[in-house]
Each structure stands twice: as structure tokens, then as C-alpha cells.
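# Examination of the molecular architecture
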Amino acid sequence: IARLAAERMPLLLCVAGNDHDNLKPPDGEVARIISSSKHSNGDTEEVGTKQQPKCVDFPDQKHGWVSRGDTSIKEVREDAEKALKMSTEFLLDWM
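## Some words on the nonpolar core
Formed by Ala 16, Val 56, Phe 58, Trp 65, Val 76, Ala 80, Ala 83 and Met 86, the largest nonpolar core amounts to eight residues. Counting residues per element, this core draws most heavily on helix α4 (residues 74-94), at four residues. Setting aside residues no more than four positions away along its own chain, Ala 16 makes contact with Lys 24, Phe 58, Gln 61, Lys 62, His 63 and Trp 65. Core analysis: the second largest hydrophobic core is formed by six residues, Leu 11, Ala 31, Ile 34 and Cys 55 among them.

## Comments concerning the pattern of salt bridges
Per the stated rule, a full pass over the model turns up three salt bridges. For Glu 78, the salt bridge goes to Lys 74, with nearest N and O atoms at 3.7 Å. Here the residue Glu 78 and the residue Lys 74 both occupy positions in helix α4, the gap between them amounting to four residues, near one helical turn. Note on Lys 74: relative accessible area 47%, which makes it partly exposed. Among the ionic pairs, Lys 85 bridges to Glu 89, the shortest N-O distance being 2.6 Å. Placement of both Lys 85 and Glu 89 in helix α4 is noted, with a separation of four residues, approximately one turn of the helix. The exposure class of Lys 85 is exposed, given its relative accessible area of 52%.

## Considerations on the packing of aromatic side chains
By the definition in use, this model includes one aromatic pair. With a centroid separation of 4.8 Å and 45° between ring planes, the pair formed by Phe 58 and Trp 65 is classed as tilted. On the basis of relative accessibility, which here comes to 3%, the residue Phe 58 falls in the buried class. Look at Trp 65 and you get buried, because its relative accessible area is 5%.

## Thoughts on the environment of Arg 32
Note that Arg 32 resides in helix α2 (residues 29-36). Given a relative accessible area of 45%, Arg 32 falls into the partly exposed group. The sequence separation of Arg 32 and Ala 2 amounts to 30 residues, and the corresponding C-alpha distance is 9.8 Å.

## So, the state of the cysteines
Taken as a whole and assessed by the stated rule, the structure comprises zero disulfides. No disulfide involves Cys 14; its sulfur sits 8.2 Å from the nearest other cysteine sulfur, which is in Cys 55. Among the residues examined, Cys 14 registers a relative accessible area of 22% and is labelled partly exposed.

## A look at the side chain of Asp 19
One can find Asp 19 in the loop between β1 (12-16) and α2. For Asp 19, the side chain forms a polar contact with the side chain of His 63, separated by 2.7 Å. Every residue in contact with Asp 19, bar those within four places of it in the chain, is listed here: Cys 14, Lys 24 and His 63.

How each quantity is defined
- Residues numbered from 1 in each chain as written.
- Predicted model: local features only at pLDDT ≥ 70, side-chain atom pairs only at ≥ 80, totals over all residues.
- Heavy atoms only, no water.
- Core = buried A, V, L, I, M, F, W, Y, C linked by side-chain atoms within 4.5 Å.
- Buried < 20%, exposed > 50% of the residue type's maximum accessible area, 1.4 Å probe, protein only.
- Helix = DSSP H or I, 4+ residues; strand = E, 2+ residues; numbered from the N terminus.
- Contact = heavy atoms within 4.5 Å.
- Salt bridge = Lys/Arg side-chain N within 4 Å of Asp/Glu carboxyl O.
- Phe/Tyr/Trp six-rings, centres within 6.5 Å; stacked < 30°, edge-to-face > 60°.
- Disulfide = S-S within 2.5 Å.
- Polar contact = N/O pair within 3.5 Å; in protein donor to acceptor, adjacent residues only side chain to side chain.

Below you can see the structure in the form of C-alpha cells.
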């Protein structure tokens with residue numbers, strides 16, 4: 001992750017409550033690396049216009065909730081939709 005962050009790779013990590021602590025913001029090592037890597041898409045005129053790398057915590061969810069969570073449970077469905085929306089906006093911003 002540190003190498004990717006240093007190479008100015010756009011990074012978005014959605015972390016579940018049962019993921020390892022080193023992934024979780026704000027104190028997890030991976031979360032700190034991702035959150036501290038600020039960059040643009042390589043075009044110096046667009047510095048600051050792209051979404052910055054970020055690590056987002058979903059403490060009430062279990063690993064895999066977005067792709068295989070039980071969406072009949074309201075909280076799972078709402079957080080999955082939030083993560084998908086966030087991911088879509090992040091990707092579109094960088095395309």
C-alpha cells in the first residue's frame with residue numbers, strides 16, 4: 001500500500017468492523033498511509049480537483065457486506081448503497 005500511495009495511485013478503502021485494526025482509520029497503519037497520500041491525476045493544472053485517497057470505516061458491517069451482505073437487513077443495505085455510491089463517485093472522478 002505504501003508503494004501504491006507513493007506512486008500517486010488513487011485509493012479508496014472501505015473498511016468493515018471485523019477487518020484488521022491496521023486497516024481502520026484513523027490509527028491503523030494502512031489507513032494512515034492512504035489518508036496521507038495526497039495527489040492529482042498527474043495533470044498539474046488539476047491538482048486538488050480530484051478526490052483524495054481515503055479510508056472509510058463502516059464499523060457495524062462485516063467483511064464482504066457490499067458484495068455479499070444480507071441486504072434484507074436495513075443497516076447492511078444502507079451501508080452497502082453508501083459504499084457503492086462513494087466508490088462510483090470516486091471512480092468517475094478519476095476516469
